[in-house]
Amino acid sequence: MAGHLECRIIVRDITGKFVWDSAILHGLLHECVLPLATITMGSNLLEATDNCATLDESGSFSSPAILPDDYKPLSPPLWQTHMSCRDSDILDELLQYVEESSPECMSHIGVGLNRPAPCSDSELTIKEENILKLLERETATEASHYQATKSLPIMSSDTAKRPDQITASFAYHYCKLVMSHFGMFSWEQRPHLHLLEKTDQLIRELKHLDARNTQCRQTYKVAVMCVGYGQEDRDSILKNTSGSRDFEDFVAGLGWEVDQATHRGYMGGLEFKSTPGATAPYFATSSEEIFFHVSTRMLVTDDLSHKIRHIGNDEVHIVWSTHWRDYRRSIFKTQFGDVLIVIYPLPNHLYRIHIIKKTDVPQFGPLFDGAIVDHISLPVLVRATAINALRARRDINMAYRGRYSLPYHTLCII
C-alpha cells in the first residue's frame, strides 16, 4: 500500500499479521517530525554544543569560561537558560551545584568536583604532565596547519542545499523504493518474489487467514478442584466456595488474577458476562495462554450444571485433596479428564504429588508420581506439568491440528 510520501508493508505468516509504516522525509528532521517547542530547545542545545570549543579569528582555540572558586549556584543549570556557553561552562556549573547541595559526593576533601583530583603517585604526575604537553603541542600543530591552509580552495565548501522533493512517477513508487532498500530486488532474492493476481479467491483467503491469526497463541484450559475433609462425591466437591489458606496461595501462584468480566484474553470457554465480579488465574507467554477453571470461584447453580460443563470438558484436572482417602477418577466421571494431578498436603509445607493418567497418554514432566515438592515451587511446577500433559495428550490425537497448521495451509493455497 502506498500514499503521499508514505508506504505501508503488511506481512502475513503462520504467526500472525504485522504492519510496518515508512515515510520519505524531504527537509530537515525537525520540520518533518518534531514539534516546534522541542526543536527550539534542541537547536539551542546543538548551537551551545558547537560553541563550546571553536577556533576564533586569530586561529587559536577558545574554550568556555571557568567559573570562580567562590561561585555558589542556587539551582541546577538548564540548557534553556543558557543561549550560548561562551560565557559559562554549564557542566562546570552542574558540578559546583552537586558539590554545594550534596557534599557527600566529593571524593577528595577541599577539591571541588570541577577540579582535577590530586594524584598521590609522583610517577603518575610526571606521565600526566607529559600527556598535557603532548596535547598542547598537538593543539598548536593543528592551529598552525589551519592558519596555513585556510585560504586554499580545498578548505572551503559550498553551503549544503536541501534536496528537492521527488515526485512519484507511478502509484507504487515508494513501495518499490522500500523493497529496494530492504534488498528484496537483489539477484539473490528475486527468485523468492512472486506476483499475485488480485482475485476474489485471494481476497477471501486473506480474510480467512487474518481471522485465524487473531488467536496468535496456543491456548490451554485446566480444571482446579478442592476436595475437603470427608468429601466423597462430585456434588459436595463442586459446592465448595472456598478452600484453605494454603489452597488459595497455591491458586494465586498458578497465574495472574484476572476479572472475568473485563478480561479480553483467553477465557477457556467462559462468557464475559456470565460471572460478573468473579476472578480466575490466567497465565500467558509469547506463545501460550492457559486459563484455570477453579471450582471454588465459578458460578454456583442449583444443579451445578455450569461447573460440570466447564470442568468436565477439561483434559487436565488439578485436585487439591485434604481427604484421608486418595482421590479416585470415579468421583468425577467425564469423557475427558485424561490426566489428574492430585496434591496432598504434608507437614512442614511439603506436598505429595499423585499423577493419574490414561494408558494412551505418553510420559510428561517435570513432576512425576510420588514426587515431594515444597510450597514455593509447587505452583510453578504444577502449571508446567499441566501444560506438558496437555501437549502430550494432543500429540496422540490424530485429528488435532496445531496452532500454526491452519495458517500454513492457507498460505500454501495463496
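Residues numbered from 1 in each chain as written. Predicted model: local features only at pLDDT ≥ 70, side-chain atom pairs only at ≥ 80, totals over all residues. Heavy atoms only, no water.

Considering the packing of helix α8 (residues 245-254) against helix α10 (residues 378-395)
At a minimum axis distance of 8 Å, the contact between α8 and α10 shows a crossing angle of 55 degrees. As judged from the angle between their axes, α8 and α10 are oblique. α10 is crossed by α8, and the crossing has right-handed handedness. The residues of α10 that touch α8, namely those facing Phe250, Gly253 and Leu254, are Leu378, Pro379, Val382 and Arg383. (Axes fitted to C-alpha atoms, helices over the stretch in contact; angles between N-to-C directions. Helix = DSSP H or I, 4+ residues; strand = E, 2+ residues; numbered from the N terminus. Parallel < 35°, antiparallel > 145°, perpendicular 65-115°, else oblique. Left-handed = near helix turned anticlockwise from the far one by under 90°. Contact = heavy atoms within 4.5 Å.)

A look at the nonpolar core
Membership of the largest hydrophobic core comes to 33 residues, with the highest contact counts inside it found for Phe250, Ile318, Ile343, Ile353 and Leu378. Mapped by element, the contributors of at least two residues to this core are β6 (218-227), α8, β9 (288-294), β10 (316-321), β11 (339-346), β12 (350-357) and α10. Sorting elements by how many residues they give to this core places α10 first, with seven residues. Not counting residues up to four positions away in its chain, the partners in contact with Ile318 are Val222, Ala223, Val224, Met225, Phe250, Phe292, Ile341, Ile343, Val382 and Ala386. By size, the runner-up hydrophobic cluster in this structure holds 23 residues, among which are Leu238, Met267, Ala280 and Tyr327. (Core = buried A, V, L, I, M, F, W, Y, C linked by side-chain atoms within 4.5 Å. Buried < 20%, exposed > 50% of the residue type's maximum accessible area, 1.4 Å probe, protein only.)

Details of the side chain of His323
In this structure, His323 sits in the loop between β10 and β11. In this structure His323 comes out as buried when scored by relative accessible area, which is 9%. A polar contact of 2.6 Å, which involves the side chain of His323, links it to the side chain of Glu232. (Polar contact = N/O pair within 3.5 Å; in protein donor to acceptor, adjacent residues only side chain to side chain.)

Focus on the side chain of Thr296
Topologically, Thr296 is positioned in the loop between β9 and α9 (305-312). Thr296 gets classed as buried once you look at its relative accessible area, which sits at 8%.

Here we look at helix α5 (residues 173-181)
Here α5 has its buried residues at His173, Tyr174, Cys175 and Val178. Looking one or two residues past α5, Gly183 carries a phi angle of roughly 80 degrees, positive in sign.

Digging into the packing of aromatic side chains
Using the criterion set out here, one finds seven aromatic pairs in the structure. The interplanar angle of 85 degrees and the centroid separation of 6.4 Å between the aromatic rings of Trp20 and Phe182 together place this pair among those described as edge-to-face. Of this pair, Trp20 sits in strand β3 (residues 16-23) while Phe182 sits in the loop between α5 and α6 (200-212), placing them 162 residues apart in sequence. Judged by relative accessible area, which is 47%, Phe182 ranks as partly exposed. With 6.1 Å between their ring centres and 55 degrees between their planes, Trp256 and Tyr282 make a pair best called tilted. (Phe/Tyr/Trp six-rings, centres within 6.5 Å; stacked < 30°, edge-to-face > 60°.)

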